[in-house]
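Descriptive analysis of the structure
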Amino acid sequence: MMRNTLRPDDGSGPGDAREGTFREGNKKNASVLIVDPSPLSLIAVAGVLHYYGYMCTCARTAKAAHQATSETNLDLLIWDVADDAAGVLESLAQLRRIATLDQLPAVLLAESRWAGLEKKTQSLSAATRTLFKPIDPDALMAVVDHLLWMPTLISAHRKRGAKPSRTGWVTLE
């Protein structure tokens, strides 16, 4: 398992004066698992999310992804289907059978040859979106932001026993 966690720059290093350097004040409160068999695209996607302040855990295999879910509270899963869309859908279904991950939102990244994959994900119980390559970072972030602040996230936090840490959240019971 490739277990690298990217954390935002705290601004204390020599690069804190550069434009675009991420500072602690911009840190998001979401943890994202990125699964991609290709190291280059894995790092590229993680880099984009890191730049926008998300905490990222990286995995290159389904086995590593399953292990990471047991070690980290996750808010979102981004999975590159590569050459095995059916395998990814099955792995995603297995992950969602875990009680605390049943509503985990996911973004699937796919080549154009997997056209129709978005139709297969519509029947899934939790929010799942598909983006086709090449991926525009702004489009990726729009989908990520949308999925992370959906009402299903609140119930997922409640099931895990965690309270949302963003100010302004209200719990109605």
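To keep things clear, this report deals only with the structure shown in the data block. Given the structure is predicted, the values throughout are model-derived calculations rather than measurements.

1. A look at the pattern of salt bridges
Applying the stated criterion across every chain yields a total of three salt bridges. Note that Asp80 and Lys133 form a salt bridge whose closest N and O atoms lie 2.4 Å from each other. Of this pair, Asp80 sits in strand S4 (residues 76–80) while Lys133 sits in the loop between strand S6 (128–132) and helix H5 (137–148); the two residues are 53 residues apart in sequence, bridging distant segments of the chain. With a relative accessible area of 26%, Lys133 lands in the partly exposed category. A salt bridge links Glu90 to Arg97; the shortest N-O distance between them is 3.6 Å. Connected via shared salt-bridge partners are Asp80, Glu111 and Lys133.

2. Observations regarding unusual backbone geometry
Across residues other than glycine, the phi torsion is negative in most instances, and most of the peptide bonds are trans. Cis geometry is found at the peptide bond from Lys133 to Pro134, where omega equals 0 degrees. With respect to the helices and strands, the residue Pro134 is situated in the loop between S6 and H5. The residue Ala82 is not glycine, and still its phi comes out positive at about 50 degrees. Tracing the sequence through the fold places Ala82 in the loop between S4 and helix H3 (85–96).

3. Thoughts on helix H1 (residues 39–51)
Between its terminal C-alpha atoms H1 stretches 18 Å, which fits the 18 Å expected from 13 residues at 1.5 Å a residue. Among the residues of H1, those classed as buried are Leu42, Val45, Ala46, Val48 and Leu49. Seen along its axis, H1 keeps its buried residues to an arc of 155 degrees; they face one direction. A positive phi of about 95 degrees marks Gly53, the residue just after H1.

About the criteria used
Residues numbered from 1 in each chain as written. Predicted model: local features only at pLDDT ≥ 70, side-chain atom pairs only at ≥ 80, totals over all residues. Heavy atoms only, no water. Salt bridge = Lys/Arg side-chain N within 4 Å of Asp/Glu carboxyl O. Helix = DSSP H or I, 4+ residues; strand = E, 2+ residues; numbered from the N terminus. Buried < 20%, exposed > 50% of the residue type's maximum accessible area, 1.4 Å probe, protein only. Expected span 1.5 Å × (residues − 1). Arc of directions from axis to C-beta.

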